[in-house]
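A structural walkthrough
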Amino acid sequence: MSEAASVARLPGFRDFPPEALADRERIFEAWRRVSRRYGFVEYDGPPLESLDLYIRKSGEEIVGQLYEFTDKGDRQVALRPEMTPSLARILAERSRALPKPIRWFSIPQLFRYERQQRGRLREHFQWNVDVVGEADTGADAEVLAVGLDGLRALGLGAEDIVARVSDRLLLTALLEAEDVPPGSHPAVFQVIDKLDRGGAEGAGARLRDDAGMAASAADRLLDLIQEGSVERVRSMYGDRPVVAGRLEAMTAYLSDLDALGLGDFVQFDLGIVRGLAYYTGIVFEIFDRERSLRAICGGGRYDRLLELVGGEPLPAVGFGMGDVVLAELLEEKGLRREYRASIDAFVIAASPKEHHLALEVAAALRARGHDVSYALRSHTVRKQFKMAASAGAVAAIVLGPREVEEGMVGVRDMRSGEERSVALADLRAGRGLADG
Ligand code: HAM
């Protein structure tokens, strides 16, 4: 291996030069703004956790993707592949002291050793929004509303994205109605989870062979997944009390979302089951309408996880939204903002004699909260104007020997090219520049 290759960036990891960081920050800002608008508060945890936290709780798929190692103290550790187990661990210690429901959000960087492909990297940032301590579907609706509003804040509308919602308990009740033994349910869930990837044809055979479903039951299930509606499920299975109860919950959930003005964004879809093991009720994923990308967001109810990590038994619901797929969708929809450097002013010294005055003026303006730069060594005025332009300066402050002697400076509007004379004293006192 050449020396240069040996220090290359690892596959699946990203650098964030200023343009890329600006994209990322814009997404984070929207996420934070919307979280706070809904009354959520931000938390974080350590990027490295005990391996134990993920074993059995997250499910096989994610455990197979762990960045795990033994540390120098002989502890088995893993980089966090998701935030939910950390949230459960943190709350297991403190939830008793907190008023319920708890509304927390976080934007952690996560690590999964996955095969790198479009929309899938080995690190990503994920917006996590969770409500803990409320079992009613009102909490499920609130959580999905936050996620959809986060996407709306970035310019996406119902023509661009759709939340596909389902309920694991409803699906379980349907399987019971079809006499599928509980031991086979996980196999059915797996086939459904892979439906998009495997296609419907193979799915029928797998439901029969892997999950032991009768051919007619497998056909009915696949048909419901493809053409399902709450009404259709009700007409076929509504006489079963468990199914009826779950349909009632789904109807309450959907009507809350409607009342929140989000009805156009939501679609009932029994094909959503979610790959993670801990979900216990309503689940959802948000996709681009064209389905050219993987899920942007996934979440649902997980009422037993806190107890599993040793905390009080508290119902919980939340989601994770990744920055990678979202950035691709924004690009596709022309919603990415071009990056432009920008500062309020660039101070130009006409000759080395004004250099220290330039520093003084910059310091005075910075102290007033303006973003200000200047040339770090002496340059021609022409060159300094170029530097001002590439720094994105709104104004150039020109210190010329004659003007300075009279206590004046030139302030040039870099867009219009107009220049005015401003008293140096005024400028130092914060007058003569646009507010920073
Ligand atoms: P998840 O479905 O594993 O859920 O991930 C949520 C989202 O994170 C995905 O829809 C995807 O956009 C993004 N994502 C996941 N893995 C990658 C990757 N390797 N590269 C890029 N993006 C990725 C969870 O993690 C749950 N813990 C979410 C949750 C929170 N459930 C309840 N609360």
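First, a word on what this report is: a plain description of the structure on this page. (Residues numbered from 1 in each chain as written. Predicted model: local features only at pLDDT ≥ 70, side-chain atom pairs only at ≥ 80, totals over all residues. Heavy atoms only, no water.)

Looking only at helices and strands, the protein chain features 18 helices and 17 strands. Scaling as 2.2 N^0.38, a compact globule of 436 residues should have a C-alpha radius of gyration of about 22 Å, whereas the protein chain reaches 28 Å, well beyond that. With respect to the three principal axes, the spread of C-alpha positions in the protein chain is 95 × 55 × 50 Å. Here the protein chain, with 436 residues, has 48% of them falling under the buried criterion. Relative to all contacts within the protein chain whose residues are 6 or more apart in sequence, the contacts with residues 24 or more apart total 68%. For the protein chain, the accessible area works out to roughly 21300 Å², and carbon and sulfur atoms hold 49% of it. Taking the average place of the 58 positive charges on the side chains of the protein chain and the average place of its 69 negative ones, the gap between the two points comes to 5 Å. (Helix = DSSP H or I, 4+ residues; strand = E, 2+ residues; numbered from the N terminus. Rg over C-alpha atoms; globule rule 2.2 N^0.38 Å. Buried < 20%, exposed > 50% of the residue type's maximum accessible area, 1.4 Å probe, protein only. Contact = heavy atoms within 4.5 Å. Areas by Shrake-Rupley, 256 points an atom, 1.4 Å probe, with all protein chains shown as cover. Lys, Arg positive; Asp, Glu negative; His and termini not counted. Charge placed at Lys NZ, Arg CZ, Asp CG, Glu CD.)

What follows concerns the site of the ligand. Contacts to the ligand come from 26 residues, most closely from Glu 82, Thr 84, Glu 114, Leu 121 and Tyr 279. Note that a nitrogen atom of the ligand is positioned 2.8 Å from one of the backbone N or O atoms of Leu 121. Note that an oxygen atom of the ligand is positioned 3.5 Å from one of the backbone N or O atoms of Cys 297. Burial of the ligand by the protein chains amounts to 96% of its free accessible area of 660 Å². Elements supplying a minimum of two residues to the shell around the ligand: strand S7 (123–132), strand S11 (297–301), strand S12 (316–322) and helix H14 (323–332). The class makeup of the residues in the shell around the ligand is 11 nonpolar, nine polar and six charged. (Near = heavy atom within 4 Å. Polar contact = N/O pair within 3.5 Å; in protein donor to acceptor, adjacent residues only side chain to side chain. Nonpolar A, V, L, I, M, F, W, Y, C, P; charged D, E, K, R; others polar.)

Let us look at the packing of aromatic side chains. Within this structure, the stated rule accounts for 12 aromatic pairs. Summarising the aromatic geometry, the rings of Tyr 278 and Tyr 279 are spaced 4.9 Å apart at their centres and angled 55 degrees between planes, so their arrangement reads as tilted. By the burial criterion, Tyr 278 is buried, and Tyr 279 matches it. Feature note: the residues Phe 16, Phe 28, Trp 31, Phe 125, Trp 127, Phe 284 and Phe 319 constitute an aromatic cluster, connected by ring pairs. The residue whose ring lies beneath Arg 164 is Phe 287, and the NZ or CZ to ring-centre distance is 4.6 Å. Directly above the aromatic system of Phe 385 lies the positively charged group of Arg 412, at a separation of 4.1 Å from the ring centroid. (Phe/Tyr/Trp six-rings, centres within 6.5 Å; stacked < 30°, edge-to-face > 60°. Lys NZ or Arg CZ within 6 Å of the ring centre and 35° of its normal.)

Strands sit in the order S2-S4-S3 across an open sheet of three strands; the sheet is antiparallel. The sheet is open, and its two borders are formed by strand S2 (48–50) and strand S3 (68–70), each paired with just one other strand. When strand polarity is set aside, the average angle formed by the axes of neighbouring strands in this sheet is 35 degrees. (Pairing = 2+ DSSP bridges. Axes fitted to C-alpha atoms, helices over the stretch in contact; angles between N-to-C directions.)

A few words on the pairing of strand S17 (residues 419–423). Bridge count for strand S16 (residues 408–413) against S17 is five bridges, and the pairing is antiparallel. Residue Val 409 lies in a different strand from S17, and its bridge partner there is Val 422. Connecting the antiparallel pair S16 and S17 is a turn made up of five residues, with Gly 417 showing a positive phi of about 85 degrees.

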